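# Report on the structure
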Protein chains: 2
Amino acid sequence: MNREIVIINAKLFAPDTPEGFVADGFVEIGAGRITALGSMAHYVPPPSVEIIDAGGSLVMPGLVNGHNHAAMTLFRGMADDLPLMSWLEQHIFPAEARFVTPEMVYWCTRLAAAEMIMSGTTTVADAYFYEDEAARAFVETGMRAVAAHGIIDFPAPGVPDPAENVATVARFIERWQGTDLLTPAVFAHSPYTCSSRTLVRAKELARAHNVPFFIHLAETGAESGLLAGKWQGSPTAYLHSLDLLDEQTVCVHAVWLDKPDIELIAASGAAVVTCPQSNMKLAAGIAPVAELLAAGVRVGLGTDGCASNNDLDLFGEMDTCAKLHKVRALDPAAVKARDVLRMATGHGARLLGFADGVGLAVGLPADVILIDLDQPHLTPFYSVDNLVYAAGGADVRSVIINGRLVMSDRKILTFDVAEAMEMVAGMTAKVRKS
Amino acid sequence: MNREIVIINAKLFAPDTPEGFVADGFVEIGAGRITALGSMAHYVPPPSVEIIDAGGSLVMPGLVNGHNHAAMTLFRGMADDLPLMSWLEQHIFPAEARFVTPEMVYWCTRLAAAEMIMSGTTTVADAYFYEDEAARAFVETGMRAVAAHGIIDFPAPGVPDPAENVATVARFIERWQGTDLLTPAVFAHSPYTCSSRTLVRAKELARAHNVPFFIHLAETGAESGLLAGKWQGSPTAYLHSLDLLDEQTVCVHAVWLDKPDIELIAASGAAVVTCPQSNMKLAAGIAPVAELLAAGVRVGLGTDGCASNNDLDLFGEMDTCAKLHKVRALDPAAVKARDVLRMATGHGARLLGFADGVGLAVGLPADVILIDLDQPHLTPFYSVDNLVYAAGGADVRSVIINGRLVMSDRKILTFDVAEAMEMVAGMTAKVRKS
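Residues numbered from 1 in each chain as written. Chains lettered and ligands numbered in written order. Predicted model: local features only at pLDDT ≥ 70, side-chain atom pairs only at ≥ 80, totals over all residues. Heavy atoms only, no water.

Our focus in this paragraph is the overall build of chain A. For chain A, the count of helices and strands is 15 helices and 17 strands. Rg of the C-alpha trace for chain A: 21 Å, near the compact-globule value of 22 Å for 434 residues, within the 12% margin. Judged by the C-alpha coordinates and their principal axes, chain A covers about 70 × 45 × 40 Å. Counting the 434 residues in chain A, one finds 65% classified as buried. For chain A, restricting intrachain contacts to residue pairs at least 6 apart in sequence, the fraction spanning at least 24 positions comes to 73%. A total accessible area of about 14300 Å² is found for chain A, and carbon and sulfur atoms account for 54% of it. Counting 32 positive and 50 negative side-chain charges, chain A places the centres of these two groups 1 Å from one another. (Helix = DSSP H or I, 4+ residues; strand = E, 2+ residues; numbered from the N terminus. Rg over C-alpha atoms; globule rule 2.2 N^0.38 Å. Buried < 20%, exposed > 50% of the residue type's maximum accessible area, 1.4 Å probe, protein only. Contact = heavy atoms within 4.5 Å. Areas by Shrake-Rupley, 256 points an atom, 1.4 Å probe, with all protein chains shown as cover. Lys, Arg positive; Asp, Glu negative; His and termini not counted. Charge placed at Lys NZ, Arg CZ, Asp CG, Glu CD.)

Structure (structure tokens):
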């Protein structure tokens, strides 16, 4: 009988009902999982538990950020409103070459974790270099994380010799596999920055260790051109030709897909993570999310890194995602609020390899958040669709991850947020002068 | 020497500098206006003033919401993800016929004002019926408002006989003209819901009283078809043919414009208010904002009503606006953060008829807000572009309107917000059952 935390007087998220919630409920949590839930009528909490009185707040599954480069908080807003190539080549790449150190990755990841927890994200899939430092930071903050170490055929932070890129990640996986709440994984940067041999070896490594394989795919319309000389056709067909697409592959962005590409992805069982705000800000394009969902592809939602968003708030991302696909299709029912809620919760968790997903059900991991509905901008609250169209990260009151209270009434309990902000602020002075 | 409020230790918004702000400043406010501002170096506040220590927060001009139907907070999220005509004809119109009363407009407008103030909006252009009640609510809350009374050729709330529609608004204007902080105005619903005679009379009324004239224009692609029988051509050309376009006309939405339409608007001096989130959610389309700005048209930003957004947060609206036009043009420089900041502040205020605009300069109206930058999602803060790409309404700490402290540390001082929430919540039970 592990009843460590009980939440009472809560609205319970129930996305398959018309309103999407039921009123006056409780949730019991023990040993990291949901052990009971139901109506407050006749409910008497057991003794010796921590009782959280939600006071009418909504309990919902924690949000799942399917793609981030957490360390890039250092570059939040460093270079906005610039053409993609000048942004990347004149600002981001030089800044990464100068400022990315193990210490930078560690502190900037802690800062990103603070921002994510405070906006209701309980699980993140991260992708960067010096990923040991990111993994260490995530474990310390109490977040659930997939930490994917980068592979690229250029000298990279911590991997000066590209010939060592796959071996470096093999050792990374071996160090971290089996860690509570932390899944190590492989992040092959893109079809155009890795050779076909590197891509194949990276996927073999992921298969050998049974871990997720992430790759930036078809982010911009120029990507086919960048493959000239090694492939005639779409980037998606190229990945397929190398046998990279399977159920443990996550294609990030997937903006420039034609119908055969969507069919290839659907048939392979590969997943897609869409990052609409980043794709909009960099003017990359609009991913065919409605078509991917219709084809049965598992689609998750990501913020991408702070350099191209510039925040990590999945509530804003859900709002943009639902609205963007409506106006793209000129159809207000194209992608619905409930669709993006599922992308950002259960569906998003499962495609990252968490077979249970997240959700309010007995036996599922206790990754839950409380939303304060008692505010002008959430009044009235006819349905949970307002979580997408009216709520923001700042409405998250408390966060429980794996049964542990990580944030209570907006205060993070697991680490020192002010310290992380101070450490990162100290690094920005140099960036500002650069 | 009216130095009623002094803000010290603040970053001062300065959008024409590279960073968009200067550090360590003060602002003196007296008799409703900014009387002095500058560097904290050697600054000694005068005696007998209220001192607000910003502690590094940013002081910026209050935001200007160029289009709202405040009373529609009652319908926030009542009917989402539906095709436009079923949304309007099966949900919104019947709900308006049943639930719009003077009391409803009064309390729902107060609720909307609370949401707007709490997200940094100091000026709003509202457009609805029973607009006396909206005007009364705005005056009581301390917001600066343009209250535009609706004109439509159907029976409407408070105007059962359409033959009385223009006369009703004439009396409304006469009652309110000259009121502090409140500008009465005319809102002709649209080219397809008003006859040409009504449109001409409505504009004559606005001209006679020297007040702004608002009209929904070219919101959907179907609008040209709706004019069949009375006009062959674009809705914009139709308004021009009726001599409705001049410097005191505000065209709301203006989504479906061709090049000649943009030239007509530019030549006439008429302004446009764009509502990107509403246009996305209803799948109306994407307004040609970059082209309008390039043609020299004055463009402001609006949220539209809560039934189609579903919130009134101009920070989210700025973010969406800048990103949407980048991805529409596949050009990350198409509409920049600084462009939308100007649309949502000085430019937006001037096109509503406030000749001074808003801004941080001596002699301008003291409509200013404090933004709490000391938070993970605003760290680092290289420039004010992060107000667009990373900040949200919940980051607004305090609000001053016309020199009066309206919100202090997230607490509204001018009226009872809980009462407004309770009154509106009481009305929702009936809507929910309908």
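Another point: helix H2 (residues 102-118) of chain A. Over its 17 residues, H2 of chain A runs 24 Å from end to end, which matches the ideal 24 Å to within 8%, given 1.5 Å per residue. Burial runs high along H2 of chain A: 15 of the 17 residues are buried. (Expected span 1.5 Å × (residues − 1).)

Attention shifts here to the domain arrangement of chain A. The extent of an interface is frequently quoted as the accessible surface area lost upon association of the parts. All names here are of chain A. Partitioning chain A into structural domains gives domain 1 (5-61 + 357-412) and domain 2 (63-351). Each of domain 1 and domain 2 was reduced to a C-alpha centroid, and the two centroids are 29 Å apart. Each partner contributes to the roughly 2400 Å² buried at the junction of domain 1 and domain 2, and carbon and sulfur atoms together form 63% of this total. The largest per-residue losses of area from domain 1 upon contact with domain 2 belong to Val388, Tyr389 and Ile401, which jointly make up 25% of the total buried on that side. Inspection of the region where domain 1 meets domain 2 yields ten residue pairs in polar contact (both at pLDDT 80 or more). Residue assignment for the side of domain 1 that touches domain 2 shows that the elements contributing at least two residues are strand E5 (58-61), strand E14 (368-371), helix H14 (385-389), strand E15 (396-401) and strand E16 (404-408). Across the side of domain 1 that touches domain 2, the residue classes tally to 21 nonpolar, seven polar and six charged. (Domains from an automatic or database assignment. Buried area = accessible area lost by both parts, 1.4 Å probe. Polar contact = N/O pair within 3.5 Å; in protein donor to acceptor, adjacent residues only side chain to side chain. Nonpolar A, V, L, I, M, F, W, Y, C, P; charged D, E, K, R; others polar.)

Another aspect to go through is the packing of helix H2 (residues 102-118) of chain B against helix H15 (residues 417-433) of chain B. Residue and element names in this part refer to chain B. Direction vectors running N to C along H2 and H15 enclose 130 degrees, while the axes themselves pass 9 Å from each other. Relative to H15, the element H2 lies oblique. Considering the relative orientation of H2 and H15, their crossing is left-handed. Counting all contacts with H2, which are made through Glu103, Met104, Trp107, Cys108, Arg110, Leu111 and Ala114, the residues of H15 involved are Val417, Glu419, Ala420, Met421, Met423, Val424 and Met427. Considered class by class, the residues forming the contact of H2 with H15 number eleven nonpolar, no polar and three charged. (Axes fitted to C-alpha atoms, helices over the stretch in contact; angles between N-to-C directions. Parallel < 35°, antiparallel > 145°, perpendicular 65-115°, else oblique. Left-handed = near helix turned anticlockwise from the far one by under 90°.)

Contacts between the two partners involve 61 residues from chain B, matched on the other side by 61 residues from chain A. Among the residues chain B hides against chain A, the three largest losses belong to Asp81, Pro376 and Tyr382 of chain B. Together they make up 17% of the total. Connecting chain B to chain A are four salt bridges. As a salt-bridge pair, Glu19 of chain B and Arg432 of chain A come within 3.3 Å of each other at their nearest N and O atoms. Counting across the chain B and chain A interface gives 26 residue pairs in polar contact (both at pLDDT 80 or more). Secondary-structure elements contributing two or more residues to the side of chain B that touches chain A are H2, helix H9 (276-281), helix H11 (314-329), helix H14 (385-389) and H15 of chain B. Taken together, the residues of the side of chain B that touches chain A sort by class into 33 nonpolar, 13 polar and 15 charged. (Salt bridge = Lys/Arg side-chain N within 4 Å of Asp/Glu carboxyl O.)

Right, let's get into the sheet that holds strand E11 (residues 249-253) of chain A. Residue and element names in this part refer to chain A. Strand order in this open sheet of eight strands is E6-E7-E8-E9-E10-E11-E12-E13, and the pairing throughout is parallel. Looking at strand neighbours, the two that pair on one side only are strand E6 (63-68) and strand E13 (299-301), the edges of this open sheet. Put simply, the sheet's adjacent strands are angled 25 degrees from each other on average, direction ignored. Across three bridges, the pairing between strand E9 (residues 182-188) and strand E10 (residues 213-217) is parallel. The partner of Phe187 across the bridge, within E10, is Phe214. Each of E6 and strand E7 (121-128) touches H2; the most contacted strand, E7, lies at about 150 degrees to it. Contacts between helix H11 (residues 314-329) and the sheet are confined to E6, E7, strand E12 (271-274) and E13, with E6 contributing the most and set at about 80 degrees to the helix. (Pairing = 2+ DSSP bridges.)

Note that Asp80 of chain B resides in the loop between strand E6 (63-68) and helix H1 (84-99). Overall, Asp80 of chain B belongs to the buried group, its relative accessible area being 11%.

Another aspect to go through is the state of the cysteines. Applying the stated rule across the entire model yields zero disulfides over all chains. Cysteine Cys108 of chain A remains unbridged, with the sulfur of Cys306 of chain A as its closest cysteine sulfur at 9.5 Å. Cys194 of chain B forms no disulfide, and the closest cysteine sulfur to it belongs to Cys251 of chain B, at a distance of 14 Å. (Disulfide = S-S within 2.5 Å.)

In this model, Asn309 of chain B is joined to Asn310 of chain B through a cis peptide bond whose omega is 5 degrees. By the element assignment, Asn310 of chain B lies in the loop between strand E13 (299-301) and H11. Phi at Asp24 of chain A takes a positive value of approximately 55 degrees, unusual for a residue other than glycine. Structurally, Asp24 of chain A can be placed in strand E2 (residues 21-30). One non-glycine residue, Asn210 of chain A, lies in the positive phi region at around 60 degrees. Looking at the element boundaries, Asn210 of chain A is found in the loop between helix H5 (196-209) and E10.

On to the pattern of salt bridges. Residues and elements named next belong to chain A. Scanning the model with the defined rule gives 38 salt bridges over all chains in all. The partner of Asp243 in a salt bridge is Arg207, and the shortest N-O contact between them spans 3.8 Å. With Asp243 in the loop between helix H7 (235-241) and E11 and Arg207 in helix H5, this residue pair connects regions lying 36 residues apart in the sequence. Through salt bridges with shared partners, a single network forms among Arg110, Glu133, Arg136 and Glu140.

The next point concerns the relation of the copies chain B and chain A. Turning chain B through 180 degrees and shifting it by 0.0 Å along the axis lays it on chain A, with an RMSD of 0.0 Å. Considering both components of the superposition, the chain copies are consistent with a two-fold axis. Among all residues of chain B, the minimum C-alpha distance to the rotation axis is found for Ala394 of chain B, at 3.2 Å. (Least-squares fit on C-alpha atoms with pLDDT ≥ 70 in both.)

Let's shift gears to the pairing of strand E1 (residues 5-13) of chain B. All names here are of chain B. Along E1, seven of the nine residues are buried, which leaves the element largely enclosed by surrounding structure. The sheet contact formed by E1 and strand E2 (residues 21-30) spans six bridges and is antiparallel. For Ala10, the partnering residue across the bridge sits in E2 and is Gly25. Where E1 and strand E4 (residues 50-53) come together, four bridges link them in parallel fashion. Each residue of the ladder has a partner; that of Val6, found in E4, is Ile51. In this structure, E1 lies alongside strand E5 (residues 58-61), joined through two bridges in parallel fashion. The residue of E5 that forms the bridge with Leu12 is Val59.

Our next topic: the sheet that holds strand E12 (residues 271-274) of chain B. Residue and element names in this part refer to chain B. The eight strands lie next to each other as E6-E7-E8-E9-E10-E11-E12-E13, forming an open sheet whose pairing is parallel. Of all strands in the sheet, those bounded by a partner on one side alone are E6 and E13. Across the sheet, the mean angle separating the axes of adjacent strands is 25 degrees when strand polarity is ignored. The pairing of strand E7 (residues 121-128) with strand E8 (residues 144-151) spans six bridges and is classified as parallel. Bridge assignment links Thr123 to a residue of E8, and that residue is Arg144.

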